[in-house]
Amino acid sequence: MTQTVPAHVAIIMDGNGRWAKKRHLAHTAGHRAGAQALKKLAPAVEKLGVKYLTVYAFSTENWKRPQEEVSALMKLIHEYIQQYIDDTKKNDMRIFIIGDKSRLEPELRRKIAELEATTETKPGLQVNIALNYGGRDEITRAARNLAKKTARGEIVPEDITETFFANQLDTGSMPYPDLLIKTGGEMRLSNFLLWKLAYTEIYVLDKFWPDFTINDMRKAIDWFNGRERRFGGR
Ligand code: FPP
């Protein structure tokens, strides 16, 4: 039977802490293993034919974690962004950061700009990394931008249709996620992509993120193929 490969897969990479705890390791060792799992997964996901992969790396709420963990996570993300820059010649992925970058360290912001610019014209999988991202924050920022445009007379309120609004969100005109995968077993959206997940199929598995492999992705896609998507119709 031919399978439909979802064009856009979103992932909430949960369970890094529990993965580390089970091994009597520090929480940050779980994040490190998680970053490695993502690095290994992305090229394999690209081979399956997925076009967009959006992953939740750091939420607007994650700043509330212990200072040590926040610093370690930021350092890890910085390190991986540098690795992705160094590896650009080896792969054809386009990497884009979503979320509010204004709160990130200037040096990290510079690296992000460099990574986005060097991969911009790549033809392969687009990986969106959500950093200082919150779904409510994303909608609020979009609303604020539209209010500013309206105040400047660039648009009139009637221009703001559902599609117009959706295009102001961080993923712009990219297709909406078809499939959301959440590891770590907990059934909640955790403030991820709230607007665009409205009709997304949600697959939750108990495995912790660092243990997630391309085989798990294949299983999720098999499950997705068994779903009948009605988008509210019959
Ligand atoms: C949730 O696990 C995971 C995070 C808050 C961070 C996810 C980040 C990564 C996988 C690294 C990303 C790296 C790059 C380069 C994009 P948790 O700590 O909440 O786990 P727990 O629920 O078991 O405590």
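The structure we're discussing is the one just above.
None of the values given here were measured: they were computed from a predicted structure.

## Brief notes about the pairing of strand E4 (residues 126-133)
For step 1, the next point in the chain: Across the 8 residues of E4, 8 count as buried, placing the element largely inside the fold.
For step 2, the next point in the chain: Pairing between strand E2 (residues 52-59) and E4: 7 bridges, direction parallel. Counterpart to leucine 53 in the pairing with E4 is valine 127.
For step 3, the next point in the chain: Relative to E4, strand E3 (residues 94-98) is paired through 5 bridges, and the arrangement is parallel. If you follow isoleucine 98 over to E4, its bridge partner there is alanine 130.
For step 4, the next point in the chain: As a crossover connection, the stretch from E3 through helix H4 (residues 106-119) into E4 is left-handed.

## With respect to helix H5 (residues 135-151)
For step 1, the next point in the chain: Between its first and last C-alpha, H5 extends 24 Å over 17 residues, near the 24 Å set by a 1.5 Å rise per residue.
For step 2, the next point in the chain: Among all positions in H5, only Gly135, Glu138, Arg141, Ala142 and Leu146 are buried. Along the long axis of H5, the arc covered by the buried residues comes to 135°, so they all point the same way. Exposed side of H5, more than 90 degrees from the buried face: Arg136 and Ala151 are the residues found there.
For step 3, the next point in the chain: After H5 finishes, the residue glycine 153 shows a positive phi value of roughly 80°.

## A look at the packing of helix H3 (residues 67-86) against H4
For step 1, the next point in the chain: Relative to each other, H3 and H4 sit at 30°, their axes nearing to 10 Å. One way to sum up the angle between H3 and H4 is to call them roughly parallel. Considering the relative orientation of H3 and H4, their crossing is left-handed. Together, Met74, His78, Ile81, Gln82, Tyr84 and Ile85 of H3 and Glu107, Leu108, Lys111, Ile112, Glu114 and Leu115 of H4 make up the contact between the two elements.

## Some points on the site of the ligand
For step 1, the next point in the chain: Taken together, 18 residues form the shell around the ligand, and within it Asp14, Gly17, Arg18, His27 and Arg65 come nearest.
For step 2, the next point in the chain: Within the backbone of glycine 17, an N or O atom sits 3.0 Å from an oxygen atom of the ligand.
For step 3, the next point in the chain: Going through the elements one at a time, helix H1 (16-22), helix H2 (27-48) and E2 are the ones with two or more residues in the shell around the ligand.
For step 4, the next point in the chain: Of all the elements, H2 adds the most residues to the shell around the ligand, at 5 residues.

## Looking at the pattern of salt bridges
For step 1, the next point in the chain: A full pass over the atoms with the stated rule returns 15 salt bridges.
For step 2, the next point in the chain: In this structure, glutamate 154 and arginine 152 form a salt bridge, with 2.6 Å as the shortest nitrogen-oxygen distance.
For step 3, the next point in the chain: Here glutamate 154 falls in the partly exposed class, since its relative accessible area comes to 48%.
For step 4, the next point in the chain: Of the residues examined, arginine 152 reaches a relative accessible area of 52% and is grouped as exposed.
For step 5, the next point in the chain: Beyond isolated ion pairs, a larger network of salt bridges with shared partners links Lys39, Asp87 and Lys90.

## Thoughts on the packing of aromatic side chains
For step 1, the next point in the chain: As enumerated under the stated definition, the model contains 8 aromatic pairs in all.
For step 2, the next point in the chain: Summarising the aromatic geometry, the rings of phenylalanine 165 and tryptophan 195 are spaced 4.7 Å apart at their centres and angled 40° between planes, so their arrangement reads as tilted. A residue pair is termed long-range when its members are at least 10 positions apart, and phenylalanine 165 in helix H6 (residues 162-168) and tryptophan 195 in the loop between strand E5 (179-182) and strand E6 (201-204) qualify at 30 residues.
For step 3, the next point in the chain: Judged by its relative accessible area of 27%, tryptophan 195 is partly exposed.
For step 4, the next point in the chain: In this structure an aromatic cluster arises from ring pairing among Tyr56, Tyr133 and Phe192.
For step 5, the next point in the chain: The cationic tip of lysine 101 hangs over the ring face of phenylalanine 96; the distance from NZ or CZ to the ring centre is 5.8 Å.
For step 6, the next point in the chain: Its guanidinium or amino end placed over the ring of tryptophan 63, arginine 103 lies 4.2 Å from that ring's centre, counting from NZ or CZ.

Definitions and cut-offs
- Residues numbered from 1 in each chain as written.
- Predicted model: local features only at pLDDT ≥ 70, side-chain atom pairs only at ≥ 80, totals over all residues.
- Heavy atoms only, no water.
- Buried < 20%, exposed > 50% of the residue type's maximum accessible area, 1.4 Å probe, protein only.
- Helix = DSSP H or I, 4+ residues; strand = E, 2+ residues; numbered from the N terminus.
- Pairing = 2+ DSSP bridges.
- Right-handed = clockwise from strand over helix to strand, strands pointing away.
- Expected span 1.5 Å × (residues − 1).
- Arc of directions from axis to C-beta.
- Axes fitted to C-alpha atoms, helices over the stretch in contact; angles between N-to-C directions.
- Parallel < 35°, antiparallel > 145°, perpendicular 65-115°, else oblique.
- Left-handed = near helix turned anticlockwise from the far one by under 90°.
- Contact = heavy atoms within 4.5 Å.
- Near = heavy atom within 4 Å.
- Polar contact = N/O pair within 3.5 Å; in protein donor to acceptor, adjacent residues only side chain to side chain.
- Salt bridge = Lys/Arg side-chain N within 4 Å of Asp/Glu carboxyl O.
- Phe/Tyr/Trp six-rings, centres within 6.5 Å; stacked < 30°, edge-to-face > 60°.
- Lys NZ or Arg CZ within 6 Å of the ring centre and 35° of its normal.

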